[in-house]
Amino acid sequence: MQLEIDALRLSSELEELAHFTHVEASPDGTAVTRIVFTEDDLTARTWLKGLAAQEGFDVREDAVGNTFIRWIGLEPTLSAVGTGSHIDAIPHAGMYDGTVGVMGGLEAMRALKRSGVRFRRSIELLLLTSEEPTRFGIGCLGSRLISGALDAQRADRLRDALEAESDGTLKTVRKDAGYVGELGSVRLPQDFYHAWLELHIEQGPLLEREGLPLGIVTSIAAPAGYRFVIQGLGGHAGALLMPDRRDALCAASELILSIERHSLAANAASGKSDTVATAGSCEVFPGNVNSVPSRVVLQLDIRDTDPDRRERVMKAIRDDSAAIGGRRGVTIEEELVNADAPAQSSAHLVEVLDEICGDLGISAKKMVSRAYHDTLFMARITPVAMIFIPCRGGISHRPDEYASPEDIARGTLVLAHALAKLAAE
Ligand code: HGY
Ligand code: MN
Ligand code: MN
């Protein structure tokens, strides 16, 4: 089947999408901040829905704003083939994370439509809401709700970190954005989709390092998130003498080094680098230069291809946390945000992608995704796989994140062929 990807249009649409943001471009790249349900996000969504309507695709949105862009097949009652990703972006991120999967998916569908071939199964592009944890503290909100991985009532109570003073929650924010339905209605049944594919930048250096143009993801590492609240005693930075202090930030610092130490130890023991842990956010109260920190809220992101090993590292961190608290006279409360299982790609979908790459003369690498993606949760309701394209220097979640138009077009072409094959099954 001969398919043509309009690489120029795809690149210009990615550029256009990148401008739905309010941060000025940074010297080293196109900085994008696009937090879910902000004006930038809603404007971008309207723009995308307009492009879809121009193609005559059906568009619908669910109660959390997951957007479904469907090209109806010859047998509309058959389960559709799904693809998609996200367009929300963490603060000062790049312009390719997630967007390549959404815009590439749209271009793949347009290329198939231009080919004149019609398929048995419908093909559906998804814009999944809030893949990033920035606003509601947990990643993959839309796909968790679709797959039943997150309870709808708990989700509606998630606090809005953007308006910390207000008592905003997902429920109030989504309703202000016009998504007023019951969150329980977001859940999709098992096998709602025949198959699911996501095109995404690698967000790591392996493809570029090995000079390969494409990756086929065989599994997605298991992410977990924890919040630690360290409560000490505040006081005057001059008058409160050192022996009398219960400094929450000093305790947090020991905990952060414990997180690093135990992750490094796990990798030393396994001889691999499959355990990663990051204390990426640390809020200090009261936060004055001349006050002893009384309270710290520390957020931990820890991931591993092996969830049992991740739990062993968490146990070692917990043991240290108890010792630090005792020694320093502070309390350290741990709160679980999420602890997810890894996902395996479907052997059939990996084989389909492998064959297509072979037919197109593209050398592809089978690989693990260390970043999480909506596919991690779509895997709970349908067979999945992912297509990775290289990103320069493996850089992501930074303004200098970059993927070349050629790599984006190549990934989109493989996606289009895979959608065609699966929609004919
Ligand atoms: O953090 C992640 O893995 C994803 O980029 N949100
Ligand atoms: Mn991301
Ligand atoms: Mn992403």
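Residues numbered from 1 in each chain as written. Chains lettered and ligands numbered in written order. Predicted model: local features only at pLDDT ≥ 70, side-chain atom pairs only at ≥ 80, totals over all residues. Heavy atoms only, no water.

Moving on, we get to the coordination of the manganese ion (ligand 3). Only His86 (NE2), Asp97 (OD) and His200 (NE2) from the protein reach the manganese ion (ligand 3) as donors, at distances of 2.1 to 2.3 Å. When the donors of the manganese ion (ligand 3) are listed by position in the chain, the intervening gaps give H-x10-D-x102-H. Between the manganese ion (ligand 3) and the manganese ion (ligand 2) the interatomic distance comes to 3.6 Å, and Asp97 is a ligand of both metals. Placement of His86 in the loop between β4 (80–85) and β5 (89–93) and of Asp97 in the loop between β5 and α3 (99–115) is noted, with a sequence separation of eleven residues between them. (Donors = N, O, S within 2.8 Å, 3.2 Å for Na, K, Ca; no water. Helix = DSSP H or I, 4+ residues; strand = E, 2+ residues; numbered from the N terminus.)

A separate point is the site of ligand 1. Residues in close proximity to ligand 1 include Asp97, Glu131, Glu132, Gln203, Arg303, Ala371, Tyr372 and His397, which together make up its full environment. One of the side-chain nitrogen or oxygen atoms of Glu132 is found 2.8 Å away from a nitrogen atom of ligand 1. At a separation of 2.9 Å, an oxygen atom of ligand 1 approaches a polar backbone atom of Tyr372. Protein coverage of the free-state accessible area of ligand 1, which is 210 Å², stands at 94%. Taken together, the residues that form the shell around ligand 1 break down as two nonpolar, two polar and four charged. (Near = heavy atom within 4 Å. Polar contact = N/O pair within 3.5 Å; in protein donor to acceptor, adjacent residues only side chain to side chain. Areas by Shrake-Rupley, 256 points an atom, 1.4 Å probe, with all protein chains shown as cover. Nonpolar A, V, L, I, M, F, W, Y, C, P; charged D, E, K, R; others polar.)

Looking now at unusual backbone geometry. With the exception of glycine, most residues fall at negative phi, and the peptide bonds are largely trans. In this chain, Phe285 is followed by Pro286 through a cis amide linkage whose omega measures -5 degrees. Inspection of the secondary structure assignment puts Pro286 in the loop between β11 (275–285) and β12 (291–292). Unusually for a residue other than glycine, Phe37 sits at a positive phi of about 65 degrees. Secondary-structure assignment places Phe37 in the loop between β1 (32–34) and α2 (39–54). A relative accessible area of 7% means that Phe37 is categorised as buried. Of note, the phi angle at Ser130 is positive, near 55 degrees, even though the residue is not glycine. Structurally, Ser130 is set in the loop between β6 (123–127) and α4 (141–147). Taking the relative accessible area as the measure of exposure, Ser130 reaches 1% and is therefore buried. (Buried < 20%, exposed > 50% of the residue type's maximum accessible area, 1.4 Å probe, protein only.)

Further remarks concern the coordination of the manganese ion (ligand 2). Surrounding the manganese ion (ligand 2) are the protein donor atoms Asp97 (OD), Glu132 (OE) and His397 (NE2), which sit 2.1 to 2.2 Å from the metal. Between consecutive donor residues of the manganese ion (ligand 2), the sequence gaps follow D-x34-E-x264-H. The exposure class assigned to Glu132 is buried, which follows from its relative accessible area of 5%.

Here we come to helix α1 (residues 7–18). The end-to-end C-alpha separation of α1 is 16 Å, in line with the 16 Å expected for twelve residues at 1.5 Å each. Buried residues of α1: Leu10, Glu13, Leu14, Leu17 and Ala18, and no others. The arc enclosing the buried residues of α1, seen along the axis, measures out at 140 degrees, which places them on a common side. Considering only its buried residues, α1 is in contact with β1, α2, α3 and α12 (405–423). (Expected span 1.5 Å × (residues − 1). Arc of directions from axis to C-beta. Contact = heavy atoms within 4.5 Å.)

Turning next to the packing of aromatic side chains. Per the counting criterion, the structure on display carries seven aromatic pairs. Considering the side-chain rings of Trp71 and Phe119, the 5.9 Å spacing of their centres and the 80 degrees angle between planes classify their relative orientation as edge-to-face. Taken together, the positions of Trp71 in strand β3 (residues 67–71) and Phe119 in the loop between α3 and β6 put the pair 48 residues apart, joining distant regions of the chain. Here Trp71 and Phe119 have matching classes, each one buried. Where Tyr193 meets Trp196, the ring centres are 6.3 Å apart and the plane angle is 55 degrees; that geometry is what we call tilted. Linked through ring pairs, Phe57, Trp71 and Phe119 together constitute an aromatic cluster. The ring of Phe68 has Arg60 sitting right over it, with the charged end atom 3.8 Å from the ring centre. One Lys or Arg, Arg295, reaches over the ring of Phe285 and ends 4.8 Å from the middle of that ring. (Phe/Tyr/Trp six-rings, centres within 6.5 Å; stacked < 30°, edge-to-face > 60°. Lys NZ or Arg CZ within 6 Å of the ring centre and 35° of its normal.)

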